[in-house]
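So you can see what is in the structure, the chains are spelled out below.
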Amino acid sequence: MTTSLAVPAPTAKSIILGRFLSGLLVAFLIFDAAIKLVPLAVVTETMVALGYSADQGLARLLGILTLLCTVLYVIPRTSILGAILLTGYLGGAMATHLRAGSPLFTHLLFGFYLGVIAWGGLWLRDPRLRAPIPLKN
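Everything numeric here is computed off the predicted structure, so don't read it as measured data. (Residues numbered from 1 in each chain as written. Predicted model: local features only at pLDDT ≥ 70, side-chain atom pairs only at ≥ 80, totals over all residues. Heavy atoms only, no water.)

### Description of the packing of helix α1 (residues 12–37) against helix α3 (residues 56–74)
Threshold: The convention used is that axes are lines fitted to C-alpha atoms, helices contributing only their stretch in contact, and that angles between N-to-C directions extend from 0 to 180 degrees. What counts as a helix is a DSSP run of H or I of at least four residues, what counts as a strand is a run of E of at least two, and both are numbered from the N terminus. Any angle that is under 35 degrees is reported as roughly parallel, and any over 145 degrees as roughly antiparallel; angles of 65 to 115 degrees are reported as roughly perpendicular and all others as oblique. Working rule for handedness: look at the near helix, and if it is turned counterclockwise from the far one by less than a right angle, call the crossing left-handed; if clockwise, right-handed. Here, residues are in contact when the closest pair of their heavy atoms is within 4.5 Å. Residue polarity is assigned by list, with Asp, Glu, Lys and Arg as charged and Ala, Val, Leu, Ile, Met, Phe, Trp, Tyr, Cys and Pro as nonpolar; anything else, Gly included, falls into the polar class.
The geometry of α1 relative to α3 is characterised by a closest axis approach of 8 Å and an angle of 155° between their N-to-C directions. With respect to α3, the element α1 is oriented roughly antiparallel. In this structure, α1 meets α3 at a crossing whose hand is left-handed. Facing Ser22, Leu25, Val26, Leu29, Ile30, Asp32, Ala33, Lys36 and Leu37 of α1, the residues of α3 in contact are Ala59, Arg60, Leu62, Gly63, Ile64, Thr66, Leu67, Thr70, Tyr73 and Val74. Looking at the contact of α1 with α3 residue by residue, the classes come out as 12 nonpolar, 4 polar and 3 charged.

### Examining the environment of Arg128
Put simply, the test is: Throughout this description, a polar contact denotes any pair of N or O atoms lying within 3.5 Å of each other; where both atoms belong to protein, one of them has to be capable of donating a hydrogen while the other can accept it, and for residues adjacent in sequence the pair is counted only when both atoms sit in side chains.
Checked against the element boundaries, Arg128 lands in helix α7 (residues 127–130). Separated by 33 residues in sequence, Arg128 and Ala95 place their C-alpha atoms 30 Å apart. Beyond its immediate sequence surroundings of up to four residues, Arg128 is in contact with Pro76, Arg77, Ser79 and Ile80. Of note is the side chain of Arg128, whose polar atom sits 3.2 Å from the side chain of Ser79.

Following this line, the structure appears as structure tokens:
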């Protein structure tokens, strides 16, 4: 006996909202990666404050990882893989802020907020994700 779950296709409104949320996330991540690739003095100072070395190579590596995960998130065929990798990346950022004793709602949970936006935007626009994670009306 097989059970089939009917998953409704995303509506036009949910696709637009999903693209908007994903676009906001992508814009932020590209900005974040760009300032790490340069890297600006504020990036080096922040990394030192979080317990990392002032090595600009580490900041550039983080910028490259951010761009790679973001590109995978943007490409429709690899968007779920990109979201998974972004979740891991943001989890590492949250762990860093926890270790450094950063404020809870503004710094520590910021990675969580971005993760919710990433998965929420993807769920709203991608029917492949709606099948394993169905939400009832």
